[in-house]
Structure formats: structure tokens, C-alpha cells
Amino acid sequence: MSRAVRFERWGGPDVLHVVEVPTAAPGAGEVRVTVRAAGITAGESAAREGALAQLYPTAFPAGTGAEFAGVVTDTGPGVSGVTVGEEVLGWSPDRGGHADVVVVPAEAVVPKPAGVSWEVAGALYVAGVTAYSCVESTGVRDGDVVLVLGATSDVGTLTVQLARLCGATVVGVADLVHHEWLHAHGADAVVPAEDGDGLARTLRRRGVAVDVIVDTTGFEVDALARAFGVDVARCAAALPLEADLEFGVDQARRPEVLTELAELVAADRLHVPIAGSFPLAQVQDAFAMAERPHPQGRIVLLP
């Protein structure tokens, strides 16, 4: 037997509980991983509250945990390229990463570089691949000015850094209290959080022309594009991309993107702040912290 987080009705963190479940054996093409760390994401909170029920139907009892890192303990028939004892990070298509043990397709894990901590590895997939997708889909290149709304969010923090790695100048949008932190994490300039028109006026007064917009807060991208005079093709809304990653939309390049991100972390070129970690038994406390204002960074469960 092993432990896993489950919930049986929509609600707040109080509906989450840890139960004993049979330890599954991997089937054909699958691997079993003993979980060392698993991140908590905003999408999981929305799903638990029922906000995504129409888009992504959920059968109860339901699990949580879209991302994890751990050690491979068994492989099913037909698996090659993944070995027992290997340290990996990856994602759970069935959202079962908040557990002692998870069984996933072999292609859902990639090697964990030795220099990456368990906490960071377990919290890299959703925010990392979403941020990567935002930067790639908008064609960020050397010399661009990239505006990142919600720049201190999980996705925003990584978007700032990845855009800088492309040679862009990054303007982060965040509450004043977070400006010093944002500068320390790669933003070239920081402006207060306002509505789209107010931001456009502020930047025009400063003589800043924006080439790319990445929004992690839920603004209408079309409205932002009009306010800043930016081609809508160079605007990205992170929330739909994040939901797609967490709730099953296929993306064949996930393994190579996650591998690249892990290598950037190992090379000290990408930083994933960790704001707090909790044992699996304190999953309610972990989600409660994740769902209220807290120091910038990911919240991680450590089974």
C-alpha cells in the first residue's frame, strides 16, 4: 500500500485528504516512480473547486498533482531509455503526482540533472513548460521589449527569465511591494499593476514601445494588443496554456522542453524559487498557503 491525496467533492483545501491505496504495478510502456517532491499549481486549485468541471470532467474520488520528481522503482514491458534507480522529473496525465508512488507513461519522465534539487525538479513542469510556450509562441528574440503581466506569478517569474535568455528587455508588471524582488530575478524594468489602458499610458510616458505581451493574470489578450498597438500574434495568455498542460491536451514536445528547462536550472541559468514545502500529510496546509498571498515561489509537497 502507498499514500495518495484524494478529494470526493468540490471545495476548498479542507476537502483534500490522504488515503491508502494499492501500490500499482506499471503496465506496458509505463514506469513506477517513488515521488520525492511534487509541486502545487493554480490549475489544481481551480479544478478542485469545480471551476473547470465543464471543460475537464472529473470522476470522484479524484487525485491531485500534475507534476513530480522522484526515483524510478519499476518499469513495464516495452520500456526502453528509462531504468530502475534513475532520478527523474515529469508529469502525471491522470493528476496523481501528490502521492508516495505514481505510475505514468515512460515518455512522461525525463532525467533529473544531478545539480537540480528535488523541490525544484518537482515544481518545474507546469510553470516551466507554460512559460517556455509563451516565449516560443510569441517569437521572443534579441532586442524585443517583452511586457509580462503578473510577473511574480509561478509562470511569470520563469517567463521573465526565459525572455531575458533570448536577449529581450523585460518589463515586469506587479504590485509595488514586489518590485525589488522582480529586479533581483531578471526584470529590466518594473511598473505597477494597472488595467491595460493605464499600463499603456504609463509606458508611453516612459518612452517604452512594447513588442511582445505575456499575460499570466487573465486579461483579454485582444484588448491588451489594442492598448499597446502590438500584433495579437505576439501576445500570449498563460492561463489557457497552463490548463492545457495540466488537463491532458497532447503536446509531443513536452519531454524535450522539460529536459531543456532542467538543464538550464542545472547550469544556474534559470531559477525556480521555492516559497514553502510540506509533508504529504499536511496537504491541506500546503494548498491553503498556495491559495493566499505568500512570498514569491512554488509550494511543494514532499512525500
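Small disclaimer: the values here were computed from a predicted structure and weren't measured. (Residues numbered from 1 in each chain as written. Predicted model: local features only at pLDDT ≥ 70, side-chain atom pairs only at ≥ 80, totals over all residues. Heavy atoms only, no water.)

### Structural notes on a positive patch on the surface
Consideration 1: Taken together, the side chains of Arg-201, Arg-204, Arg-205 and Arg-206 present a region of like positive charge at the surface.
Consideration 2: Checked against the element boundaries, Arg-206 lands in the loop between helix H6 (196-205) and strand E12 (212-215).
Consideration 3: Judged by its relative accessible area of 48%, Arg-206 falls in the partly exposed class. (Patch = residues over 30% accessible without salt bridge, like charges linked within 9 Å, V, L, I, M, F, W, Y side chains within 5 Å. Areas by Shrake-Rupley, 256 points an atom, 1.4 Å probe, with all protein chains shown as cover. Salt bridge = Lys/Arg side-chain N within 4 Å of Asp/Glu carboxyl O. Lys, Arg positive; Asp, Glu negative; His and termini not counted. Charge placed at Lys NZ, Arg CZ, Asp CG, Glu CD. Helix = DSSP H or I, 4+ residues; strand = E, 2+ residues; numbered from the N terminus. Buried < 20%, exposed > 50% of the residue type's maximum accessible area, 1.4 Å probe, protein only.)

### Re the packing of aromatic side chains
Consideration 1: Overall, the coordinates contain four aromatic pairs when judged by the stated rule.
Consideration 2: Relative to Trp-10, the ring of Phe-7 lies with its centre 6.4 Å away and its plane at 45°, an arrangement referred to as tilted.
Consideration 3: Judged by its relative accessible area of 3%, Phe-7 is buried.
Consideration 4: Centroid distance Phe-7 to Phe-60: 5.8 Å. Interplanar angle 70°. Geometry classified as edge-to-face. You can see Phe-7 sitting in strand E1 (residues 2-7) and its partner Phe-60 sitting in the loop between helix H1 (42-48) and strand E4 (62-63), a full 53 residues away along the chain.
Consideration 5: Owing to a relative accessible area of 36%, Phe-60 belongs among the partly exposed residues under this scheme.
Consideration 6: The rings of Phe-7, Trp-10 and Phe-60 are connected pair by pair, giving a single aromatic cluster.
Consideration 7: Above the ring of Trp-118, the side-chain terminus of Lys-112 is found at 4.7 Å from the ring centroid. (Phe/Tyr/Trp six-rings, centres within 6.5 Å; stacked < 30°, edge-to-face > 60°. Lys NZ or Arg CZ within 6 Å of the ring centre and 35° of its normal.)

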